[in-house]
Amino acid sequence: FFLSFFLSFFTNSKQTTINVTNDHKPHDHNNQDHQPISTIDSKTPLLPINNNLNDQEASNASLIMSLATPNTLFILLGPLLCGVICMWVKVGELQTSRNMLGVLAWVFTWWLTEAVPMPVTSMSPLFLFPMFGIASADVVAKTYMDDVISLVLGSFILALAVEHYNIHKRLALNITMLFCGDPVNPPLLLLGICATTAFVSMWMHNVAAAVMMMPVATGILQRLPTTRTGQNDAVERFCKAVVLGVIYSATIGGMSTLTGTGVNLIMVGMWKSYFPEAGPISFNTWLFFGFPLALITFFCLWGILCCLYCKRGSSRALANYLDKAHLKRELDMLGPMSFAEKMVLFVFSGLIVLWMTRSLTDNLPGWGALFKGRAGDGTASVLMATLLFIIPNKKRKGEKLMDWNKCKKLPWNIVLLLGAGFAIAEGVRTSGLADVLSKALDFLESAPFWAIAPAVCLIGGFITEFTSNNATTTLLVPLLIQIAKTMHIHPLLLMIPGTIGAQFAYLLPTGTPSNIVGFSTGHIEIKDMLKVGLTLKIAGTIVLTLLMPTLGAYVFGTNNLVMYPLTWRGSQAL
């Protein structure tokens, strides 16, 4: 094409030059030398006359090639599976159950393949549920904004303020210096880094905690010599231990509070929706159970990493490169705490106090009793986040601690994913699909009581390796509630192990975004995650099995019979 274009251009240019020269001379029609020139029209197009047709054919071919991709196949696969299920698969006696299963196939296909961006897929129930007669538009839309979602929004704004003023880095360096030792003690330093990550993850989303802490951890590892040559095995092992410790500590720390991960929020939201007669699970209530569970699991992680990666002699290998002086220099570079940092820390601490004191005990009610139960954890979260836009930062006149431009990094994808989870849970319940799918887990009814928690935890832990933690919880918890109804046991005996098990995504890099953060550093391989993750998954399941019938029975009252019927709230609104 380009060769023909060049030749055509050259011929036309030569013809124009000759015609201009001959314009000053009389034309001799008898001169044969001019015959070829006179027969060439200077207005001859450079390209063939049928160029438009060729361009259209090329455009059509290009369009076909752009559509002939695996992504297009996955996009079509969702509606195709939905259509097949709705037309030919028999699911229960209700048409809504069949439609709901088809919508689940559509949504989860797009979630698993990421053919459509996950936030966009998370909004699909807003049009799929009304189209398939599962729920009205108003009912679905309300699930995307409730007290749990407001809790997430407020905590994310506070997390952005902490990140903006480098409070997390200051905290990490101070705690790491405390555990470093002189000379350096690798197991103790590893404990400090992991404990800092777990503590930060308690108060913000575990993915955000991993993203914040990984640069701090790798900044410490940059002082070490390169490990790619394999000359220093002790240094390479310590680097692996630090990266694995950060990603797993972020997940473990997130288990201890409601704000640490969206999985806990999904479960609490479902509990409130399925059992409106029962009291909601408050931040304080979950902390009393989640913190001991996370603490024991954390020390299991630390012990596993020390046994596998902190061998004897590693202290001598690290002493020449890593000491307190390096950490102190980084801390000095941050300078003294400014007024803005102190105020953000004050607001964040105040939010934690409000979360923990909203509901204390029956004899000593918290501040929530002043509002007759109308205030929730989301109320406190949004209130304290609003203060950040009111308190000045004393840097510039009229400038506040936060402005909306700083909030443009809000993870709306997580907010929409939570809303989709609540919408799907509502649809599974009201459509009758939960009754049908729960029969697939009937084998749990014959399981011994002591084996229920580990069995459910292992089921959730297996599914979550191939799907997102939130998606696993969204699909599994409604089924577990229906099974609990059939077995006549307290629903939380199944809901909590399923929720915790969904967070045990330790084996693959794709199991959770936190794993991807660590895997992208290049310090760890899949075999490292399999080796540590499998051991940690088994240890976590054992810890949960021991705590659920003991501490869990005391905190959640699972030894008491559920004196209220399992009501499917929302069915009358459809």
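Here the structure is a predicted model, which means the values were calculated and not measured.

**Brief notes about the overall build of the protein**
Across its full length, the protein carries 27 helices and zero strands. Counted over contacts in the protein with a minimum sequence separation of 6, partners at least 24 positions apart contribute 78%. Total accessible area on the protein stands at roughly 27,800 Å², and carbon and sulfur atoms take up 65% of it.

**Notes on the environment of A484**
Here A484 is to be found in helix α23 (residues 469-487). On the accessibility criterion, A484 (2% relative accessible area) is buried. Here the alpha-carbon distance between A484 and M495, two residues eleven residues apart in the chain, equals 8.8 Å. Apart from the residues lying within four places of it in its own chain, the contact partners of A484 are I489, H490, P491 and L494.

**A few points about helix α9 (residues 147-164)**
In this model, α9 (18 residues) spans 26 Å end to end at C-alpha, consistent with the 26 Å of a helix rising 1.5 Å per residue. By the criterion of burial, α9 is predominantly enclosed, with 15 of the 18 residues buried. Among the residues trailing α9, N166 stands out with phi positive, at a value near 60°.

**What about the packing of aromatic side chains?**
Counted according to the given criterion, the structure contains 14 aromatic pairs. Ring centres of W271 and F275 lie 4.7 Å apart, and the angle between their planes is 45°; on these two criteria the pair is classed as tilted. You'll find W271 and F275 in the same group, each marked buried. Of the aromatic side chains, those joined through ring pairs into one cluster are F199, W203 and F283. Directly above the ring of F339 sits K394, whose terminal nitrogen or CZ lies 4.5 Å from the centroid.

**Brief notes about the environment of T535**
Counting through the fold element by element, T535 comes out in helix α26 (residues 526-547). C-alpha of T535 to C-alpha of L507: the two residues are 28 residues apart in sequence and 9.7 Å apart in space.

**A short note on the packing of α9 against helix α20 (residues 412-430)**
It is at 10 Å that the axes of α9 and α20 come closest, and there the two elements cross at 165°. With respect to α20, the element α9 is oriented roughly antiparallel. Classified by chirality, the crossing of α20 by α9 is right-handed. Contacts between α9 and α20 involve V148, I149, V152, L153 and F156 on the former and, on the latter, W412, I414, V415, L418, G419 and F422. Among the residues forming the contact of α9 with α20, the class breakdown is ten nonpolar, one polar and no charged.

**Remarks on unusual backbone geometry**
As a rule of thumb, non-glycine residues mostly have phi less than zero, and peptide bonds are mostly trans rather than cis. One non-glycine residue with positive phi stands out, namely E114, at about 55°. With relative accessibility at 55%, the residue E114 sits in the exposed group. The backbone of K394 shows a phi angle near 60°, a positive value even though the residue is not glycine. Looking at the secondary structure, you find K394 in the loop between α19 (377-387) and α20.

**A word on empty space enclosed by the protein**
Evaluation of the coordinates by the stated rule reveals two cavities of 30 Å³ or more. Empty space within the largest cavity amounts to approximately 50 Å³. Lining the largest cavity are L151, V152, S155, F156, H205, T259, T261, G262, L265, I414 and L418. Ranked by residue count, the leading element in the lining of the largest cavity is α9, at four residues. Residue composition of the lining of the largest cavity, by class: six nonpolar, five polar and no charged. Volume-wise, the second largest cavity comes out at about 30 Å³. For the second largest cavity, the full set of lining residues is F129, A135, V139, V140, T143, A423, E426 and G427. Of all elements in the fold, only α8 (137-142) and α20 reach the threshold of two or more residues within the lining of the second largest cavity. Looking at the lining of the second largest cavity, the element that brings in the most residues is α20, giving three residues.

**A few points about the nonpolar core**
In terms of nonpolar packing, the biggest core is built from 132 residues, with L190, F238, L244, Y248, L388 and I496 touching the most fellow members. Setting aside residues up to four positions removed in sequence, Y248 forms contacts with L301, Y506, N515, M529, V532, G533 and L536.

**A few points about the side chain of S381**
Along the chain, S381 falls in helix α19. Within the structure, S381 has its side chain in polar contact with the backbone nitrogen of S155 (distance 3.0 Å). What S381 contacts, discounting residues up to four positions off in sequence, is S150, L151, G154, S155, L351 and W355.

**Concerning the pattern of salt bridges**
According to the stated counting rule, one finds seven salt bridges in the structure shown. Notably, a salt bridge pairs D528 with K240, separated by 2.9 Å at the nearest N-O pair. Taken as a pair, D528 in helix α26 and K240 in helix α13 (residues 233-255) lie far apart in primary sequence, 288 residues in all.

**Points about α26**
The end-to-end C-alpha distance of α26 is 31 Å, a good match for the 32 Å that 22 residues give at a rise of 1.5 Å each. For α26, the set of buried residues is D528, M529, V532, G533, L536, K537, A539, G540, T541, V543, L544 and L547.

**Remarks on a nonpolar patch on the surface**
Taken together, L80, V84, M87, W88 and V89 make up a surface patch of nonpolar side chains, about 530 Å² in accessible area. Along the chain, L80 falls in helix α4 (residues 70-88). A residue is classified by how much of its surface remains accessible, and L80, at 54% relative accessible area, is exposed.

**Some thoughts on the side chain of N393**
Locating N393 in the fold gives a position in the loop between α19 and α20. A distance of 3.2 Å separates a polar atom in the side chain of N393 from the backbone oxygen of K400. Dropping the residues within four chain positions of it, N393 is found in contact with Y165, F339, A340, E399, K400 and L401.

**A word on the state of the cysteines**
Per the stated rule, a full pass over the model turns up zero disulfides. Note on C82: no disulfide assigned, nearest cysteine sulfur contributed by C86 at a separation of 4.0 Å. Judged by its relative accessible area of 2%, C82 falls in the buried class.

**Concerning the confidence of the model for the protein**
The predicted structure's coordinates, where accompanied by low pLDDT, should not be read in detail. Summing up the model confidence of the protein, the mean pLDDT is 78 and the portion of residues at 70 or higher is 80%. The element-level mean pLDDT for the protein is lowest in helix α1 (residues 2-22), coming to 43, with helix α7 (residues 125-131) highest at 94. Taken as a whole, residues 1-40 scores under 50 in pLDDT and shows 18 contacts with residues more than four places along the chain or in a different chain.

About the thresholds
- Residues numbered from 1 in each chain as written.
- Predicted model: local features only at pLDDT ≥ 70, side-chain atom pairs only at ≥ 80, totals over all residues.
- Heavy atoms only, no water.
- Helix = DSSP H or I, 4+ residues; strand = E, 2+ residues; numbered from the N terminus.
- Contact = heavy atoms within 4.5 Å.
- Areas by Shrake-Rupley, 256 points an atom, 1.4 Å probe, with all protein chains shown as cover.
- Buried < 20%, exposed > 50% of the residue type's maximum accessible area, 1.4 Å probe, protein only.
- Expected span 1.5 Å × (residues − 1).
- Phe/Tyr/Trp six-rings, centres within 6.5 Å; stacked < 30°, edge-to-face > 60°.
- Lys NZ or Arg CZ within 6 Å of the ring centre and 35° of its normal.
- Axes fitted to C-alpha atoms, helices over the stretch in contact; angles between N-to-C directions.
- Parallel < 35°, antiparallel > 145°, perpendicular 65-115°, else oblique.
- Left-handed = near helix turned anticlockwise from the far one by under 90°.
- Nonpolar A, V, L, I, M, F, W, Y, C, P; charged D, E, K, R; others polar.
- 1 Å grid on protein atoms, 1.4 Å probe; cavity = no way out; pocket = protein on both sides within 12 Å on 5 of 7 lines; lining within 4 Å.
- Points joined across faces, edges and corners; volume = space filled by probe spheres on them.
- Core = buried A, V, L, I, M, F, W, Y, C linked by side-chain atoms within 4.5 Å.
- Polar contact = N/O pair within 3.5 Å; in protein donor to acceptor, adjacent residues only side chain to side chain.
- Salt bridge = Lys/Arg side-chain N within 4 Å of Asp/Glu carboxyl O.
- Patch = residues over 30% accessible without salt bridge, like charges linked within 9 Å, V, L, I, M, F, W, Y side chains within 5 Å.
- Disulfide = S-S within 2.5 Å.
- pLDDT = per-residue confidence, 0-100.

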